[in-house]
Amino acid sequence: MDIRALVGRNVRRARILKGLTQEELAERAETSQFYVSSLEAGRRNPTVEMVVTLAVALGMDYLDLLRPDGESISTGDD
């Protein structure tokens, strides 16, 4: 399992479900749009701290960003 690709897909999926652009997510997470883009493409290896930061910015549990494909992602809107 490629954890970088997994986290990237989950961030992208959650961001889209929340109706956010990469730029909006980057602003909320106090990072750059380039970082979010690279992360979603699976080219970044996020730290645990960044996974938590992104989860907070997306209004969700950080564990949801680590869940394998096919498992449900909670976006906090439930």
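Right above here is the structure, for reference.
Residues numbered from 1 in each chain as written. Predicted model: local features only at pLDDT ≥ 70, side-chain atom pairs only at ≥ 80, totals over all residues. Heavy atoms only, no water.

Novice: Explain the overall build of the chain here, please?
Specialist: Scanning the chain from terminus to terminus reveals four helices and zero strands. Ordered by position from N to C terminus, the α and β elements of the chain give α-α-α-α. Evaluated residue by residue, the chain yields a buried proportion of 40% over its 78 residues. Restricting to contacts in the chain with at least 6 residues of sequence separation, those with at least 24 account for 54%. Counting only carbon and sulfur atoms, one obtains 48% of the accessible surface of the chain, whose full area is about 4,700 Å². (Helix = DSSP H or I, 4+ residues; strand = E, 2+ residues; numbered from the N terminus. Buried < 20%, exposed > 50% of the residue type's maximum accessible area, 1.4 Å probe, protein only. Contact = heavy atoms within 4.5 Å. Areas by Shrake-Rupley, 256 points an atom, 1.4 Å probe, with all protein chains shown as cover.)

Novice: Help me understand unusual backbone geometry, please; the structure alone is not making it clear to me.
Specialist: In most cases, non-glycine residues show a negative phi, while peptide bonds are predominantly trans. If you check the backbone angles, E30 has positive phi at about 55 degrees while not being a glycine. Residue classification places E30 among the exposed positions, given a relative accessible area of 77%.

Novice: Quick question: what am I supposed to make of the nonpolar core here?
Specialist: Nonpolar side chains tend to gather and get buried jointly when the protein is soluble and globular. Core analysis: the biggest nonpolar cluster contains 18 residues, and V11, L25, L39, L54, L58, M60 and L65 have the highest contact counts within it. Where this core is concerned, the elements lending two or more residues are α1 (3-17), α2 (22-28), α3 (33-40) and α4 (48-58). The element best represented in this core is α4, accounting for six residues. (Core = buried A, V, L, I, M, F, W, Y, C linked by side-chain atoms within 4.5 Å.)

Novice: Would you explain the pattern of salt bridges in this entry?
Specialist: Working definition: two side chains of opposite charge can pair if their charged atoms are close together. Per the counting criterion, the structure on display carries three salt bridges. Two residues, E40 and R15, come together in a salt bridge whose shortest N-O distance is 2.6 Å. Placement of E40 in helix α3 and of R15 in helix α1 is noted, with a sequence separation of 25 residues between them. In this pair, the class of E40 matches that of R15, namely buried. Its salt-bridge partner being R67, residue D64 comes within 2.6 Å of it at the nearest N-O pair. (Salt bridge = Lys/Arg side-chain N within 4 Å of Asp/Glu carboxyl O.)

Novice: Any chance you could explain a nonpolar patch on the surface here in plain terms?
Specialist: The grouping of M1, I3, V48, V52, V56, Y62, L63 and L66 at the surface amounts to a nonpolar patch, some 780 Å² of accessible area in total. In terms of residue count, the dominant contributor to the nonpolar patch is α4 (three residues). Here V56 is to be found in helix α4. When its relative accessible area of 63% is taken as the criterion, V56 is described as exposed. (Patch = residues over 30% accessible without salt bridge, like charges linked within 9 Å, V, L, I, M, F, W, Y side chains within 5 Å.)

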